[in-house]
Amino acid sequence: MFQDSQFGSQQGGASISLWLADSLRREAPARPQDWRSRLRDWADEVDLVPDLGQRIGSLTWFRGLATCFGLCATALYLSPGFQPVPGAPGPTLSDAHYDEVRSQMITPLALGADSGRHMGPTDAVQPLRQTPERPQIELNAQVGSSDTLPRALSRAGVSGGDVATVMAMVGGDIGAGVKPGTRLDIVLGRRASRDRPRPLDKLAFRARLDLGVELTRNGNVLSVKRIPIRVDNTPLRIQGVVGESIYRSARAAGAPPKAVQAFLRVIAGQVDLGGIGAGDRYDIVTEYRRAETGDVEVGELLYAGLKRARGKAIDMLKWTSNGRTEWFEASGVGERRGVLSSPVAGRMSSGYGQRRHPILGYTRMHAGIDFAARYGSPIYAVTDGVVGFAGRHGGHGNYVRIQHGGGLATGYAHMSRIAAVPGQRVRRGQVIGYVGSTGLSTGPHLHYELYRGGATVNPLSVKFTTTAQLAGRDLTAFRARLAQYRSLRVGLHDGFAQAPSAVPVAKGK
């Protein structure tokens, strides 16, 4: 009857158990809490350490402030004192005891003392008139970035006479000079007297990528041994897909920085780099010399290709015709630069002549032409010349002016950064600065001026480039070279696979 009156037939035993547990919990008398439980409950209800940066001035804030002061006062009260700890002084050492202790202590070199463990002197110790010298001194030197082989040898302690002898023996092997970073393994021998320099007993270094040199002293005569090193001259070809940045994509694919920079300069002369997007494919072929020792030398860019998802594909090959080296398209059409070349890769946004100034608000002469380009784009010298001015120049902002001779000069304004100095001789295509918006400018661009006899003239009145066309045998050889580069396997080539066993390499390289 109890079950029928209180529960339905569909509730089951689980509901009965829950109802009974709840009834027993309500009927059970509350147990008295001890002081720890009451203190814990009170601390849970009262926030003793609130955030003092919120609700400033409230009761809770003052309670937290009181807690902070209380903790600080407790820390100061319990902090230890600063009185010195008394201790018995050590006994004064006698001379004999001090000498015994000194022979076992380590004194800092900064105080001018010797370092290490030494034995105290006895009656058996006799002073030497002069210290003995090492029979040989082995040194490792390196040629700096702006250094030469004679200076590096002199810094290492090689005498002037030996340096002259070395240069007379290996001067023809190193050509214009050894590569910066070349390691020099030097052995200096015993000298005849203290007032004479040590003689050069041995010298080993890498004269070129394909040649190691060892000089050895036999008696009083230096002899040279030349060690040839096999080198693979197969050009390096790298292909890939442009991602977020064409430079980063090419570097990630293994292209050397020098090759990528040359590739971008060539492509920038054909298309705006800002128009290259993700999905375009690049093709780079560069000179690449790899020695069997693993050392490499990256040469000039040979081929630059770009297959665009939208737009015309670019195929540029470096070719020498009539004693002049320039870049030609795959069809054999090249661009032979005339007197002037374009100063920046960008479109012309404003011409030469009268116009309303966008900042000053009135009409005045616009003494040049403007090129719209991205901020930081490199600015090139249009032809060879000498920098006459480089610095801040009124409304021009950062400004460079180049004298080209014959009364011709060019000016480049609004640069973000200048990369030339007054008096510097620059060549055509050399970077002299970067696009910016300094001076009276509304945005990043290059203001380019052309002077003739000191007066500005319209830069468009001077023809920028002339076109060259290959024909006959030159065109046939050009197409054969282009086909050769296009057939190269991508990546490194094992040029030593069929070669005989390796020859020795100069020591230390």
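Rules and cut-offs
Starting afresh in each chain, residues are numbered from 1 along the sequence in its written order. Since the coordinates come from a predicted model, pLDDT governs what is reported: local features require at least 70, and pairs of side-chain atoms require 80 or more to be given and counted, while whole-chain, interface and lining totals use all residues. Computation of side-chain values: all heavy atoms of the structure, hydrogens and water removed. Helix and strand labels come from DSSP, where a helix needs a run of H or I of at least four residues and a strand needs a run of E of at least two; each type is numbered from the N terminus. Here, two residues are considered to be in contact whenever any of their heavy atoms come within 4.5 Å of each other. Note that accessible areas follow from Shrake-Rupley with a 1.4 Å probe, and for residues the cover is restricted to the protein chains shown. When DSSP finds at least two bridges between two strands, those strands are taken to pair. Here, axes are lines fitted to C-alpha atoms. For helices the fit covers the stretch in contact, and angles between N-to-C directions go from 0 to 180 degrees. Here the term cavity refers to a set of points on a 1 Å grid, laid over the protein atoms alone, in which a 1.4 Å probe fits but cannot get out; the term pocket refers to an open set having protein on both sides within 12 Å along at least five of seven lines, with lining residues being those that place an atom within 4 Å of a point. Grid points are joined across faces, edges and corners, and a volume is the space filled by probe spheres set on the points. The span you would expect from a helix comes to 1.5 Å times its residue count less one. Throughout, exposure labels follow a simple rule: accessible area from a 1.4 Å probe, protein chains only, divided by the maximum for the residue type, with under 20% read as buried, over 50% as exposed, and the rest as partly exposed. Residues are grouped as follows: nonpolar covers Ala, Val, Leu, Ile, Met, Phe, Trp, Tyr, Cys and Pro; charged covers Asp, Glu, Lys and Arg; every other residue, Gly included, is treated as polar. Put simply, a salt bridge is a Lys or Arg side-chain nitrogen that is within 4 Å of an Asp or Glu carboxyl oxygen. Within 6.5 Å between ring centres, the rings of Phe, Tyr and Trp (the latter by its six-membered ring) count as paired, and their orientation is classed by plane angle as stacked under 30 degrees, edge-to-face over 60, tilted in between.

K.L.:
Before we go on, may I ask you to explain the overall build of the protein in this structure?
P.N.:
Counting its secondary structure elements, the protein contains 10 helices and 25 strands. Put simply, 58% of the contacts in the protein that link residues at least 6 apart link residues at least 24 apart. When the accessible surface of the protein is totalled, it reaches about 31700 Å², and 54% of it is carbon and sulfur.

K.L.:
Sorry if this is basic, but what is going on with the sheet that holds strand 3 (residues 200-208) here?
P.N.:
Working definition: the strands of a sheet are paired by backbone hydrogen bonds and lie parallel or antiparallel to each other. With antiparallel pairing, 5 strands are arranged side by side in an open sheet as 1-2-3-4-5. At either margin of the open sheet sits one strand with a lone partner, and together these are strand 1 (137-142) and strand 5 (221-228). Taken pair by pair, the neighbouring strands of this sheet meet at an average axis angle of 15°, ignoring direction. Strand direction decides the pairing type here: strand 2 (residues 183-188) and strand 3, joined by 4 bridges, are antiparallel. From the neighbouring strand, D185 faces strand 3, where its bridge partner is A204.

K.L.:
What is the right way to read unusual backbone geometry from this model?
P.N.:
If you check the backbone angles, R55 has positive phi at about 50° while not being a glycine. Mapping R55 onto the fold places it in the loop between helix 3 (35-45) and helix 4 (59-78).

K.L.:
How should I be thinking about the layout of surface pockets in this particular structure?
P.N.:
Taking a probe equal in size to a water molecule and rolling it over the atoms shows the remaining empty space. The volume enclosed by the second largest pocket comes to roughly 660 Å³. The wall of the second largest pocket is formed by 27 residues, among which L264, A268, L273, S377 and P378 lie closest to the centre. Of all elements in the fold, only helix 8 (246-252), helix 9 (257-268) and strand 17 (378-380) reach the threshold of two or more residues within the lining of the second largest pocket. When residues in the lining of the second largest pocket are grouped by element, the largest group, 4 residues, is from helix 9.

K.L.:
What is the right way to look at helix 9 in this model?
P.N.:
In this model helix 9 runs 16 Å from its N-terminal to its C-terminal C-alpha over 12 residues, within 8% of the 16 Å that 1.5 Å per residue would give. Listing the buried residues of helix 9 in full gives A259, V260, A262, F263, L264, V266, I267 and A268. On the buried face of helix 9, the contacting elements are helix 8, strand 8 (281-291), strand 9 (296-307), strand 10 (314-321) and strand 11 (324-329).

K.L.:
Mind showing me how you'd approach empty space enclosed by the protein here?
P.N.:
Going through the model one piece at a time under the given rule, you end up with 1 cavity of 30 Å³ or more. Taken as a whole, the largest cavity holds about 50 Å³ of empty space. For the largest cavity, the full set of lining residues is D232, T234, P235, L236, Y288, R290, G491, L492 and H493. Among the residues making up the lining of the largest cavity, the classes are represented as 4 nonpolar, 3 polar and 2 charged.

K.L.:
For this particular structure, what's the right way to read the side chain of D173?
P.N.:
Considering the arrangement of structural elements, one finds D173 in helix 7 (residues 160-174). When residues no more than four places from it in sequence are discounted, the contact partners of D173 are A207, R208, L211, V213 and R226.

K.L.:
Just checking my understanding: could you explain the pattern of salt bridges for this structure?
P.N.:
Opposite charge on two side chains lets them pair, provided their charged atoms get close. If you walk through the whole model with that rule in mind, you get 16 salt bridges. The salt bridge partner of R194 is E133, with a shortest N-O separation of 3.7 Å. Of this pair, R194 sits in the loop between strand 2 and strand 3 while E133 is found in the loop between helix 5 (95-102) and strand 1, placing the two residues 61 residues apart along the sequence. R194 sits in the partly exposed class, given a relative accessible area of 40%.

K.L.:
Sorry if this is basic, but what is going on with the packing of aromatic side chains here?
P.N.:
For any pair of aromatic rings, the description consists of the separation of the ring centres together with the inter-plane angle of the planes. Tallying each qualifying case throughout the model produces 6 aromatic pairs. Considering the side-chain rings of W319 and F478, the 5.8 Å spacing of their centres and the 90° angle between planes classify their relative orientation as edge-to-face. Taken together, the residues W319 in strand 10 and F478 in helix 10 (residues 472-486) connect sequence positions 159 residues apart. Given the relative accessible area of 11%, W319 is considered buried. Accessibility expressed as a relative area gives 0% for F478, which makes it buried.

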